[in-house]
Amino acid sequence: LEQQISLSLESHFVMSAQSINSKMEERLDAIKALCHAALKQKQCIQKQREKFKEALSELKELKAEYEILQNENENFEEDKRRSQLHQCYICYKSIVIEPNTQIQT
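Everything numeric here is computed off the predicted structure, so don't read it as measured data.

A.B. asks: Looking at this structure, how should I read the overall build of the protein?
C.D. replies: The secondary structure content of the protein amounts to 1 helix and 0 strands. Taken over C-alpha atoms, the radius of gyration comes to 44 Å for the protein, far larger than the 13 Å a tight globule of 105 residues would show. Dimensions along the principal axes, computed over C-alpha positions, put the protein at roughly 150 × 15 × 10 Å. Of the roughly 10300 Å² of accessible surface on the protein, 58% is carried by carbon and sulfur atoms. In the protein, 15 side chains carry a positive charge and 17 a negative one; their mean positions are 2 Å apart.

A.B. asks: Would you mind showing me how to read the environment of I97 here?
C.D. replies: Checked against the element boundaries, I97 lands in helix 1 (residues 2–104). A relative accessible area of 32% means that I97 is categorised as partly exposed. Filtering out sequence-adjacent residues up to four positions away, I97 remains in contact with Y89 and Y92.

Procedures and definitions
- Residues numbered from 1 in each chain as written.
- Predicted model: local features only at pLDDT ≥ 70, side-chain atom pairs only at ≥ 80, totals over all residues.
- Heavy atoms only, no water.
- Helix = DSSP H or I, 4+ residues; strand = E, 2+ residues; numbered from the N terminus.
- Rg over C-alpha atoms; globule rule 2.2 N^0.38 Å.
- Areas by Shrake-Rupley, 256 points an atom, 1.4 Å probe, with all protein chains shown as cover.
- Lys, Arg positive; Asp, Glu negative; His and termini not counted.
- Charge placed at Lys NZ, Arg CZ, Asp CG, Glu CD.
- Buried < 20%, exposed > 50% of the residue type's maximum accessible area, 1.4 Å probe, protein only.
- Contact = heavy atoms within 4.5 Å.

Next up, the structure:
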């Protein structure tokens, strides 16, 4: 009887240990799957971060080019105004100043 009880208890403990071992393996597999998914997400985030850095760099270059073009445009507009003022002065001079000079002489 003792031997049967002992075998029965041993069998029960072995089955319990196997059940616990099986559950732990399932949990370990689930943890591995989660780690693998997290690693993929991390790699994806790193790629997105690199793309963002590249886009930001391009944006900074475009901004610098825009500022140069804007400055050139402002200089062009200023030169254009000066030219227009000069043309107005030439016109004024030919209509008002030169005739008055000829009349006085």
